[in-house]
Structure formats: C-alpha cells, structure tokens
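Architecture at a glance
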Amino acid sequence: MPVPTVDRARLTELYAREERSFEHTHARSLELFGRARRSLFAGVPMHWMTEWAGPFPVFVEEASGARFSDVDGNEYVDLCLGDTGAMTGHAPEAAAVAVAEQMRRGTTLMLPTEDSIWVGEEMTRRFGLPSWQFALTATDANRFTIRLARAATGRPKVLVHNWCYHGSVDETFAVIADGGIASRPNNIGAPVDPSLTTRVVEINDLDGLERELAEGDVACCLFEPALTNIGIVLPEPGYHDAVRELTSRHGTFLVIDETHTLCSGPGGYTRAHDLEPDFLTVGKPLASGVPAAAYGMSEDTARRVAAALPPGPVDVGGIGGTLAGNALSLRAMRATLEHVLTDEAFERMIPLAERFTDGVEEAIGRHGLDWYITRLGCRAEYGFQAARPRTGGEAAASMDHDLDRFMHLYALNRGVLMTPFHNMALMSPATTAADVDRHTAVFGEAVAELAATG
Ligand SMILES: Cc1ncc(COP(=O)(O)O)c(C=O)c1O
C-alpha cells in the first residue's frame, strides 16, 4: 500500500486554525504574558518557555497528580510531567507533607542530616553502586562527575553519543559534522571549541567507539543507556556489554546518566539490564520536583577518586554548590523513594506506557502513516518516519519541526500536554488508563485530519 505523506499546505492551514483556537481559549494567559514581558526577559522565567507550540505560553494555575489547570480554567492531562521532573506526578502527598514539615525544621545548614544516610543506602540498593554524593541538578551531577573522572585519570577528554543531552554541560555540546566534531547548533557563548574537550560517536557504533578510545585521552564516556532527548534511540543487543568491555580495556570511566532512563524501573536502565557503570548520575524526579540530584561511584572508582583529590581544602575546588546536599532536598528524596517512585508504582506505570504505545500504533496503522513509536519503560515517543532511528544522527535527521508543533498544539487544545520539542509521553504513578485513552483519541483525530485530503 502506498504510504500517504503529510500535505504541507494542509498542515499549515490546520496549524493556523489551531493557533486561532488556542488564542480564543487562553485569553488570561495572553494577558499575563503581556504583563510578564515588562519584567521578565522574553516574558518568561526561563527563555526556552517561549518555544512551546502556540503563539504564547500557557500560564499554570495549579497541578496535582497527572493533571494541571491553567489560568483560563482549562484542564489538562499532563504527559510531559515537567520533562521528567514531575515523573512522580505533581505534588504527591507523601512528598508534599515531608517538604512542608522539613521547611519548618530547617532547609539548609551545610551539615548532614540522617536522611542523607537513608537516601545513600536506598540508592545503593536500587542502583548497586556503594558510594553517593548529592547535587541540585542532573547538570551539576554530570559536571562534577566529569571533573572527578578527569582528576582520577589525568586525561582531558569526555566522550559522548552524537545528539546526546546531559544538561547544560559544556563538554557535551558537540556533534559529529562532516566527519569531525562541531558545536551543537545554538551553543550559546561556547567557552571553547568542543573538539578540544570532546570526542563523539554514534550510539550503536562500536567500531567508532573503539577507534576514539584508542586515542588514550578519554577520561570518561558519559552515556544515556538509551538516547531520550532526540527521540528515543535504543541500544542494540550486546551494545552495553561491548561498551563496558571497551571502556575497561582503555582505562576510561563509564558514566551512565539515568536522569531520563529512570523510566525503565526503580533502579533505572542500569538495574533493569544489569549494567555495571563506574559512575551513575541521576536528577530531575528524585525529590518530587524539589531540586535534587545524585551521583554514585563503584567501590574501585570511589577509591581512585579519593586518591586523586588534592590534599588541601576542596570546598572551592569546582565541585559543590552551597545548597547541594541540603536537608530539604534529602527529606524530599527520602519521601519520594520510600513512598512515590516505588517498585509497585513502576508496575502500574510501565503497562500504561504499553497501552499508550498500542493506541498510537493502532492509529498510525489505521491511517497508513509511515510513522513509528518506541517505548522505554514508562516513556514512549513517536516519530515521523517508518523505521526507528538507529543512531542520534538518524534521529536528528528525521525531526520535523512543523509536524511536531502541530501535534503538540492539537493535543494541547484538547487537554493533553506532550513533552515539548519532540513527541514524548511519560506516565506517573497518578496517571490513569483514562488519561492514556484521552491521548489515544486525540492522536487519532489529529492523524485523521492530517491524512484527509482536505
Ligand atoms: C539525560 C539528561 N541528563 C541530564 C539532564 C539535565 O537535567 P537538569 O536540566 O535538571 O540539570 C537532562 C535534562 O533534560 C537529561 O535529559
């Protein structure tokens, strides 16, 4: 059967219709945006909030569980969940109570609390690594880990997957271009040419990995176990075993960033697939949205790191942050790990993502579109080509900005929020089958409109 492609003129027309509808139902958000522009740069508290589909951002009234409402009284099923920051669902009761209590008992002292030990022990149980430190963001956890890896190996470079994202870590803003290494597009005020700090290989390219590691200057590989920030790109069978073998053979630390792949289960992809990283980093949902992140080390790694630390004070040594490891974050992390992102929660969340995937797949098939969907634990993402991309480069080439924006705005106008900039959906412990079915219905309507001849 010939596969229908999307008619671009029709797409433009439909997007314009959706924008008009959005403006009509978001008058108060528009009003607030106008006011915000007088005191906030670009009219938002963080610049990228202007990049959502639609002519201006939705201003939120409140959020609870897997839903939120906006200042115009519109209600949404939230499948974005703060791009994983709220994978716990919004304001989960156990964390809300714990945070409120801890606010009254002191939030930050530059001294440890007993909660830190409970969290360290729980992280060890989940991820298998015995030695932990805490930061406020996954970006910082990655930055600090890179520094430690450099200190312990005496090597200068970091190796990443093409089209990875690990937060605003300078070394990771590099992509393969014309056979060499170039800055990722829109790398704002890049401190140095990334080819000085970084080697880049495609995920699933073991020959490339071996070639780059053989240069002998790579302190660590910083990898998501599956790419999640350029669509989902899964590792091929045997990939991680080979990565472990090659990094060990070349004396390079293996850092696994579980910030998004925590969706694979309570111990992330690492535990679900028996990976054995030297370092593991994770952030975002760990404390139900209170800023918190962690990085763990294997026993041998911790020993090497300890031996590499300078003998004098290290409080201004490039790793830290005054609020890192604070009492509030740790109390919130404890409540989250103990009561929210539990083993039982994942047993409900993962089947919901399967339900989401089945619904999307059925609609794609029914309308004969050449699109795919990939699932990873309680996360799923669809893309606009027939074959699943095998590498970050292939995934980047298959991005379709206009189609992306249309699908987002269409869903938003019908009460479903998807993760911006791509087409990802995430399930929380509070998400229901009815929430998923709502998306399936809306997705079906969108593709039916796209597939219609006009
Ligand atoms: C895999 C991964 N690591 C790290 C980060 C950085 O997280 P944060 O922005 O909370 O520092 C992100 C953000 O999207 C991410 O996707």
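Structure first, text after, so check above.
1. Focus on the nonpolar core
In globular proteins that are soluble, nonpolar side chains generally tend to be buried together. Counting 99 residues, the largest nonpolar core has Phe356, Trp371, Met407 and Met427 as its most contacted members. Of the residues forming this core, the biggest block, 10 residues, is contributed by helix H11 (residues 343–366). In contact with phenylalanine 356, other than residues within four places in its own chain, are Leu79, Ile373, Ala380, Met418, Ala425, Met427, Val436 and His439. In this structure, Ala149, Val200, Phe253 and Tyr295 belong to the second largest nonpolar core, which totals 24 residues.

2. Things to note about helix H13 (residues 401–413)
An α-helix turns once per 3.6 residues; consequently, residues spaced three or four apart project the same way. For H13, which comprises 13 residues, the first-to-last C-alpha distance of 18 Å matches the rise-based estimate of 18 Å (1.5 Å per residue) to within 8%. Taken as a whole, H13 has its buried residues at Leu403, Asp404, Phe406, Met407, His408, Leu409, Tyr410, Ala411, Leu412 and Asn413. Those residues of H13 that are buried are in contact with helix H1 (8–25), strand E3 (75–78), strand E14 (379–383), strand E15 (416–417) and helix H14 (433–451). In the stretch just after H13, glycine 415 is the one whose phi turns positive, near 85 degrees.

3. A closer look at unusual backbone geometry
One non-glycine residue with positive phi stands out, namely alanine 91, at about 50 degrees. Of note, alanine 91 is situated in the loop between E3 and helix H3 (93–105).

4. Quick word on the side chain of threonine 259
With respect to the helices and strands, the residue threonine 259 is situated in the loop between strand E10 (253–257) and helix H8 (268–272). Residue class for threonine 259 comes out buried when judged on its relative accessible area of 6%. Polar contacts involving the side chain of threonine 259 include one to the side chain of aspartate 257, which spans 2.7 Å.

5. Looking at empty space enclosed by the protein
Scanning the entire structure with this criterion turns up three cavities of 30 Å³ or more. Its boundaries defined by the atoms lining it, the largest cavity holds a volume of some 100 Å³. In this structure, the largest cavity is lined by 15 residues; those nearest its centre are Tyr382, Gly383, Ser398, Met399 and Asn423. Considering each element in turn, the lining of the largest cavity owes the most residues, three residues, to E14. When grouped by side-chain class, the residues that make up the lining of the largest cavity number seven nonpolar, five polar and three charged.

6. As for the site of the ligand
Surrounding the ligand, one finds 13 residues, the nearest of these being Thr139, Asn229, Asp257, His260 and Lys284. At 2.5 Å from an oxygen atom of the ligand is found a side-chain nitrogen or oxygen belonging to threonine 139. When the ligand sits alone it has 390 Å² of accessible area, and the protein chains cover 85% of it. Ranked by residues supplied to the shell around the ligand, first place goes to helix H5 (residues 138–153) with three residues.

Here is what the cut-offs are and how they apply
Residues numbered from 1 in each chain as written. Predicted model: local features only at pLDDT ≥ 70, side-chain atom pairs only at ≥ 80, totals over all residues. Heavy atoms only, no water. Core = buried A, V, L, I, M, F, W, Y, C linked by side-chain atoms within 4.5 Å. Buried < 20%, exposed > 50% of the residue type's maximum accessible area, 1.4 Å probe, protein only. Helix = DSSP H or I, 4+ residues; strand = E, 2+ residues; numbered from the N terminus. Contact = heavy atoms within 4.5 Å. Expected span 1.5 Å × (residues − 1). Polar contact = N/O pair within 3.5 Å; in protein donor to acceptor, adjacent residues only side chain to side chain. 1 Å grid on protein atoms, 1.4 Å probe; cavity = no way out; pocket = protein on both sides within 12 Å on 5 of 7 lines; lining within 4 Å. Points joined across faces, edges and corners; volume = space filled by probe spheres on them. Nonpolar A, V, L, I, M, F, W, Y, C, P; charged D, E, K, R; others polar. Near = heavy atom within 4 Å. Areas by Shrake-Rupley, 256 points an atom, 1.4 Å probe, with all protein chains shown as cover.

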